[in-house]
Amino acid sequence: MTEGLGALAGRRIVVGVSGSIAAYKAVTLVRMLAERGAVVDVAMTAAAGRFVGRLTFESLTHRPVLDDVFELDADQQIAHIELAEAADAIVLAPATANLLGELASGLVGDAVTAIACASRAPVIVAPAMDAGMWTHPATQRNVATLREFGYLIVEPEVGELASGLTGIGRLAEPASIIEAVERLFARAGDLEGLHVVVSAGGTREPLDPVRFIGNRSSGKMGAALAEAARDRGAAVTLIAGSMSVSPPRGVTVVDATTAQAMREAVLRAAPNADILVMAAAVADFAPARASQHKIKRSGENLQIELVPNPDIVAEVGEMPDDVRPFIIGFAAESDDLEANAAAKLRDKGLDLIVGNVVGGPFDAIGSDENKVTVFAAEGAITDWPMLPKRQVAERLWDLIGDRYGQMRPQADATAPSGRRRRRQ
Ligand code: PMT
């Protein structure tokens, strides 16, 4: 039995197909899901029916296709509600720009949107459209909204489009979509019972009531980590510095916009946490004194004395073993990533450190993507490509989960959350 067959066998999967030329790839997707033992129901929009016929899907699944939101099933039940409730996962492929807009706005005018909206099952969305449509702010806003709903986006690929132009917007290959579905089932609940603390964003160190010393961290990396941990069943505390993205729903948010506030929040949360991930960009220095009044121009140079901030993660690294969580730091480096990350891993007493590059032609700060290398005591342990930050987060949790599981004493495995793992 292959791993894929194992993950999907017996799963109820609804594939929602909308009106794009890429609908022909949904045929392959449905066939592959069925081959892996999934019970597949297909729902189609009217526009999808212009590209591929329902008979094609019915022949592959041996089940009726739903293309009418008003249809009743053989038991006289509302068909789209029955499918929504039975689904273990919903895969929307291809998802057109229009479908994304409807889903983001809660408009449920057809069988596909009605199932997605009514269901509590995880939703995987594989968009397909023209490059201009994909990059349009409206589409990107809708995608961001769907991510906030907890939907998993399988990003479109770069390639030849229906228009004949080359660009981003091509539906991901069915194999990639299947992989996302398999990973979803493989992972679901793998952090269940754990309390995870993630810090995100930058700190702002006040100079006066209106000015601060800060950095460009958007909080995207930390938010993606918090969101992915939430989706895997962890209880998540997000310690939020200054962020340009909204924190994910369903996590406990503690605002901490200065290094001192972040220190207090982290030191309070860490002893009750199983895992701490410090993705925040904490300012290393703060003005020695913040003026109570707005500093006025005088025509003279202004001298500002900076004092070092406490090294928060290093303090957690020094906690006694019975309260110290498993600790993952980040190293943001403009050069010599490996040597600097190794030194920080050692000096701050971390279990793992995630190295990423800042300030060069590619800059991890603010970007939607990241290329990271994870270092452990034995050196670099990953060789990952550039990936969307959410996918980086998924890979990181796969890795952290493995490492955490290996070092957690077996005897503690059934202990209550927050006291499960303690190093020997
Ligand atoms: O927020 P984004 O725009 O998505 O960008 C993500 C990111 C690049 C900010 C993120 O991936 C990242 O690298 N975060 C850590 C940035 C950083 O502060 O790196 P550092 O090498 O200076 O610090 C090393 C570690 O010590 C970090 O885990 C940091 O949180 C921690 N630290 C640093 C200073 C300090 N006073 N206290 C700390 O705990």
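Owing to the predicted nature of the structure, the values given are computational and were not obtained by experimental measurement.

**Things to note about the environment of Gly-37**
Piece 1. Here Gly-37 shows up in the loop between helix 2 (23-35) and strand 2 (39-44).
Piece 2. On a C-alpha basis, the gap between Gly-37 and Arg-11 in space is 7.5 Å, while along the polypeptide they are 26 residues apart.

**A word on the sheet that holds strand 1 (residues 12-17)**
Piece 1. Spatially, 5 strands are ordered 2-1-3-4-5 in an open sheet, and the strand pairing comes out parallel. Here the strands that pair on one side only, and so sit at the sheet edges, are strand 2 and strand 5 (152-153).
Piece 2. One ladder, built from 6 bridges, connects strand 1 with strand 2; its direction is parallel. Directly across from Val-15, in strand 2, lies its bridge partner Val-42.
Piece 3. Across the sheet, helix 9 (residues 174-187) is in contact with strand 1, strand 3 (89-95), strand 4 (123-127) and strand 5; its angle to strand 3 comes to roughly 160°.

**Quick notes on the layout of surface pockets**
A water-sized probe rolled over the atoms picks out the places where empty space is left.
Piece 1. For the largest pocket, the calculated volume is near 1,200 Å³.
Piece 2. If you go around the largest pocket, you meet 37 residues; those closest to its centre are Arg-147, Glu-155, Pro-388, Lys-389 and Arg-390.
Piece 3. Tallied by class, the residues present in the lining of the largest pocket amount to 18 nonpolar, 4 polar and 15 charged.
Piece 4. Each of two domains, domain 1 (6-187) and domain 2 (195-406), supplies a minimum of three residues to the lining of the largest pocket.
Piece 5. As a volume, the second largest pocket reaches approximately 810 Å³.
Piece 6. Lining the second largest pocket are 35 residues; nearest its centre among them are Ala-280, Ala-281, Val-282, Phe-330 and Ala-332.
Piece 7. Of all the secondary structure elements, the ones that give two or more residues to the lining of the second largest pocket are helix 10 (220-231), helix 12 (312-317), strand 16 (326-333) and strand 17 (352-357).
Piece 8. For the lining of the second largest pocket, the element with the most residues is strand 16, which contributes 4 residues.
Piece 9. Residues belonging to the lining of the second largest pocket are distributed by class as follows: 18 nonpolar, 11 polar and 6 charged.

**With respect to the site of the ligand**
Piece 1. As a matter of local geometry, the ligand sits amid 28 residues, with Ser-217, Ser-218, Lys-344, Asn-356 and Gly-366 nearest to it.
Piece 2. One of the side-chain nitrogen or oxygen atoms of Ser-218 is found 2.6 Å away from an oxygen atom of the ligand.
Piece 3. Contact between the ligand and Met-278: an oxygen atom at 2.8 Å from a main-chain N or O atom of the residue.
Piece 4. In the complex, 96% of the free accessible area of the ligand, which totals 770 Å², lies under the protein chains.
Piece 5. The cavity where the ligand resides is the second largest pocket.
Piece 6. When residues of the shell around the ligand are traced back to their parent elements, those giving at least two are helix 10, helix 12 and strand 16.
Piece 7. Here the element with the most residues in the shell around the ligand is strand 16; it accounts for 5 residues.

Calculation notes
- Residues numbered from 1 in each chain as written.
- Predicted model: local features only at pLDDT ≥ 70, side-chain atom pairs only at ≥ 80, totals over all residues.
- Heavy atoms only, no water.
- Helix = DSSP H or I, 4+ residues; strand = E, 2+ residues; numbered from the N terminus.
- Pairing = 2+ DSSP bridges.
- Contact = heavy atoms within 4.5 Å.
- Axes fitted to C-alpha atoms, helices over the stretch in contact; angles between N-to-C directions.
- 1 Å grid on protein atoms, 1.4 Å probe; cavity = no way out; pocket = protein on both sides within 12 Å on 5 of 7 lines; lining within 4 Å.
- Points joined across faces, edges and corners; volume = space filled by probe spheres on them.
- Nonpolar A, V, L, I, M, F, W, Y, C, P; charged D, E, K, R; others polar.
- Domains from an automatic or database assignment.
- Near = heavy atom within 4 Å.
- Polar contact = N/O pair within 3.5 Å; in protein donor to acceptor, adjacent residues only side chain to side chain.
- Areas by Shrake-Rupley, 256 points an atom, 1.4 Å probe, with all protein chains shown as cover.
- Sits in = over half its atoms within 2 Å of the grid points.

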